[in-house]
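Each chain, letter by letter, is given below.
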Amino acid sequence: MNDDSGRKRRPGNYLRYALLALAAFLVLSLGFALIPRESPAPAAPSFSEQARTAALAETLDLRAASQQLANGSSGARRQLFSHAVTLLTTQARALLLPGGDTSSPAVGTGSAPGASSAAGASGTDGPSAGAPGTASASAGATSAPAPSGTATLPALVTALSKSGKERLLHAEKADGGMARLLTAVGTAQLLQATTLAQAAGTPPPALPAPSATQRNAATACSVTSPSGSGAPSQDGAQSSSSDQSNNSDPSSSSGQSSGSDQSGQTTGPADTATLAAALVRAVRTEVETVYGYQVALTRLEGAAAEQAAGLLAKHEAVVGQAEAYTRVHCVSVPPREPGYTLDTSFLQKPAAGLASLEAGTLPVYGDLVALSDGETRKWAVSSLVAAAQRTMRWGSDPGPVPGIVLDTSLLPELPEPDAPSAQPTGDGAATP
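Quantities reported herein were computed from a predicted structural model and do not represent experimental measurements.

### Some thoughts on the nonpolar core
- L354, L368 and W394 are the most contacted members of the largest nonpolar core, which has 63 residues in total.
- Put simply, the parts of the chain that give this core at least two residues each are α2 (47-71), α3 (75-95), α4 (153-171), α5 (176-200), α8 (275-297), α9 (302-328), α11 (350-371) and α12 (374-393).
- Considering each element in turn, this core owes the most residues, 12 residues, to α8.
- Excluding its chain neighbours within four sequence positions, the residues that come into contact with W394 are Y293, L300, A304, Q307, A308, L311, A351, L354, A355 and E358.

Right, here's the structure in full:
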């Protein structure tokens, strides 16, 4: 009986163990299901977003300092500061995302490209520690435009110059569209620093100059000949001095035959937003500008003629540089036109006409900044800065974002500013 009774109990024990195991499994499953999962760490902002946030923070700081100085000034100096406020306001609106906040945790973190303080920058105009490739843990979105809440004209000039150079440095690595915006903001800030430096009696900031490529097109690529033989280019990265000499007479420009310099890589209406098309536009624009200067020189006198002669030489050098970069990217250099049609107003007022020509080059270089990278983008950035500077030399305003055709009515509005921490005085400075 014991054996029989033992054998009869075993199925009941097994069933009991199974039920206990199932209950334990259900309890554990429900427990794990009810435990909330940890939220994943937010993805780090992209370099372009960090650069945008840094630019916005510093632009707002510069705007606040300019506003303080404008409130404490009068007459021509007040107009000068008010113009700076307007310029910086437009830039801040362009940098602000729709519905975005003017303060962001991305600014001031160790990985940010740098929102270095504009406050008290009086020792150097060079790029700060917040430049790409470095980290500045002390930089922040709330950095003051001057130490101890004091805004002065020399400090504003230095801070504008420093911020402008940082924007240009960040533009070299940012995404295409953001690189174009950063270049425009940095260029205008550098030019504004130059204008204010004249009023302050301080040296103007040094502006970058475009330089020719160091690469050799003969080894960089093989350009298909007109016959399609694929022979390597024999032009190299030289500045095409022979082409420039052919364009020395405004009434009879060289005008190479339309088929003499064609390659397998061409540009048309369907591919205008390409690096090749942007390079071709840059070459053609510079050649047309050279022609305009040659015509204007026959109608200018005195200091204006001397300035035009100097700028003509620079444009001839830029033509060679543009052609060199075009060859390096295996793009056919467009043939020279025999001449260009100039408006009657250009012939009557050549100085104003040259200002218009210079302003017309800005969007061309803006496109090239957005569509290029590396050494070519660096050249495009410095070329845009130089073009904006030449535009100002002829008395024209390149605007708050040179190189971008901007409809300010479409920009988001800035939020209401915080109460100022310093009270302006009548001597052009704001004190606590």
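On we go from here.
### Let's talk about the pattern of salt bridges
- Within this structure, the stated rule accounts for 8 salt bridges.
- Residue R167 is joined to E166 by a salt bridge in which the shortest nitrogen-to-oxygen separation is 3.5 Å. Considered together, R167 and E166 belong to a single accessibility category, that of buried residues.
- Three or more residues are tied together by salt bridges with common partners; here these are E58, E166 and R167.

### Quick look at the side chain of T289
- Relative to the elements of secondary structure, T289 occurs in helix α8.
- Under the relative-accessibility criterion, T289 is labelled buried at 1%.
- When neighbours within four sequence positions are excluded, T289 is seen to be in contact with H315, L357 and T361.

### Regarding the packing of α3 against α5
- The N-to-C vectors of α3 and α5 enclose an angle of 170 degrees; their axes lie 11 Å apart at closest approach. Taken as axis vectors, α3 and α5 run roughly antiparallel relative to one another. Taken together, the residues of α5 that come into contact with α3 (itself represented by R77, L80, F81, H83, A84, L87, L88, Q91, A94 and L95) are L181, A184, V185, A188, Q189, Q192, T195, L196 and A199.
- Per-class residue counts for the contact of α3 with α5 are 13 nonpolar, 5 polar and 1 charged.

Reading the values: rules and limits
Residues numbered from 1 in each chain as written. Predicted model: local features only at pLDDT ≥ 70, side-chain atom pairs only at ≥ 80, totals over all residues. Heavy atoms only, no water. Core = buried A, V, L, I, M, F, W, Y, C linked by side-chain atoms within 4.5 Å. Buried < 20%, exposed > 50% of the residue type's maximum accessible area, 1.4 Å probe, protein only. Helix = DSSP H or I, 4+ residues; strand = E, 2+ residues; numbered from the N terminus. Contact = heavy atoms within 4.5 Å. Salt bridge = Lys/Arg side-chain N within 4 Å of Asp/Glu carboxyl O. Axes fitted to C-alpha atoms, helices over the stretch in contact; angles between N-to-C directions. Parallel < 35°, antiparallel > 145°, perpendicular 65-115°, else oblique. Nonpolar A, V, L, I, M, F, W, Y, C, P; charged D, E, K, R; others polar.

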